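Breakdown of the fold
Residues per chain are reported as follows:
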Amino acid sequence: MSINKIKKSKDFSLIYNKSQKMHTKYAIIFIKENMNNEQRFGFVASKKTGNAVQRNRIKRLFKEFVKTHKNKFRENTDYIFVGKSVLKEKIKNLKYKDIEKDIIKVIKQ
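What counts, and where the lines are drawn
- Residues numbered from 1 in each chain as written.
- Predicted model: local features only at pLDDT ≥ 70, side-chain atom pairs only at ≥ 80, totals over all residues.
- Heavy atoms only, no water.
- UniProt positions renumbered as here; feature names shortened; annotations may be inferred.
- Helix = DSSP H or I, 4+ residues; strand = E, 2+ residues; numbered from the N terminus.
- Rg over C-alpha atoms; globule rule 2.2 N^0.38 Å.
- Lys, Arg positive; Asp, Glu negative; His and termini not counted.
- Charge placed at Lys NZ, Arg CZ, Asp CG, Glu CD.
- Pairing = 2+ DSSP bridges.
- Axes fitted to C-alpha atoms, helices over the stretch in contact; angles between N-to-C directions.
- Buried < 20%, exposed > 50% of the residue type's maximum accessible area, 1.4 Å probe, protein only.
- Right-handed = clockwise from strand over helix to strand, strands pointing away.
- Expected span 1.5 Å × (residues − 1).
- Arc of directions from axis to C-beta.
- Contact = heavy atoms within 4.5 Å.
- Polar contact = N/O pair within 3.5 Å; in protein donor to acceptor, adjacent residues only side chain to side chain.

The name given to the protein in an unreviewed UniProt entry is Ribonuclease P protein component, with Leptotrichia buccalis as the source organism. Checking UniProt for the protein, the heading Catalytic activity (unreviewed entry) contains the comment "Endonucleolytic cleavage of RNA, removing 5'-extranucleotides from tRNA precursor." Reading the Sequence similarities (unreviewed entry) entry of the UniProt record for the protein gives the comment "Belongs to the RnpA family."

Concerning the overall build of the protein
Within the protein one finds 4 helices and 4 strands. Along the protein, from the amino end to the carboxyl end, the secondary structure elements read α-β-β-β-α-β-α-α. In summary, the protein has a C-alpha radius of gyration of 13 Å against a globular reference of 13 Å for 109 residues, a match within 12%. Based on the C-alpha atoms only, the size of the protein along its principal axes is roughly 40 × 25 × 25 Å. Counting 29 positive and 10 negative side-chain charges, the protein places the averaged centre of each group 6 Å from the other.

Quick word on the sheet that holds strand S1 (residues 20-23)
The strand order across the open sheet formed by 4 strands is S1-S2-S4-S3, and the pairing between neighbours is mixed. This sheet does not close on itself; its edge strands, each paired only once, are S1 and strand S3 (40-44). Neighbour-to-neighbour, the strand axes of the sheet open up by a mean angle of 20 degrees, direction not taken into account. Relative to strand S4 (residues 77-83), strand S2 (residues 27-33) is paired through 7 bridges, and the arrangement is antiparallel. Its bridge partner being in S4, Ile29 is matched across the sheet by Phe81.

Let's talk about the pairing of S4
Each regular strand carries side chains that alternate between the two faces of the sheet. Counting buried positions along S4 gives 7 out of 7 residues, so the element sits mostly inside the fold. Side chains Thr77, Tyr79, Phe81 and Gly83 project from S4 onto one buried face, and the interleaved Asp78, Ile80 and Val82 project onto a second face that is buried too. Alignment of S3 against S4, held across 5 bridges, turns out to be parallel. Residue Gly42 lies in a different strand from S4, and its bridge partner there is Ile80. Handedness of the crossover joining S3 and S4 through helix H2 (residues 52-68) is recorded here as left-handed.

Re H2
The terminal C-alpha atoms of H2, which comprises 17 residues, lie 24 Å apart, in line with the 24 Å expected from a rise of 1.5 Å per residue. Those residues of H2 that sit buried are Gln54, Arg55, Ile58, Leu61, Phe62, Phe65 and Val66. Along H2, the residues classed as buried sweep out an arc of 135 degrees about the axis, all on the same side. Along H2, the residues that are exposed and aim more than 90 degrees away from the buried face are Val53 and Arg60. In the core, the buried residues of H2 are packed alongside S2, S3, S4, helix H3 (87-90) and helix H4 (96-107). Where H2 begins, the side chain of Asn51 points an oxygen toward the backbone nitrogen of Val53, at a separation of 3.2 Å.

So this is what it looks like as structure tokens:
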């Protein structure tokens, strides 16, 4: 089961500017409906969240969450997961379950 990724920076900019935002402890999730009948996901971890290894781990955790809970997301919608800087200190001890618990509360709304 693969996920459709948002790749173009133009798409990212559009979603950032025209979407609703949801805040969780570890992430900001941008949500915007699209017209192309598919779910698309973007994953962002800036330098504030740590070095390259940590940033990649954050993105992997988000991707894993999306793959596991793909059915909980609305169709025709773009989602961008942005890691918060609080992850920098926490990422070493952070488990997938923590991310899952954190985001699932918001997705159910």
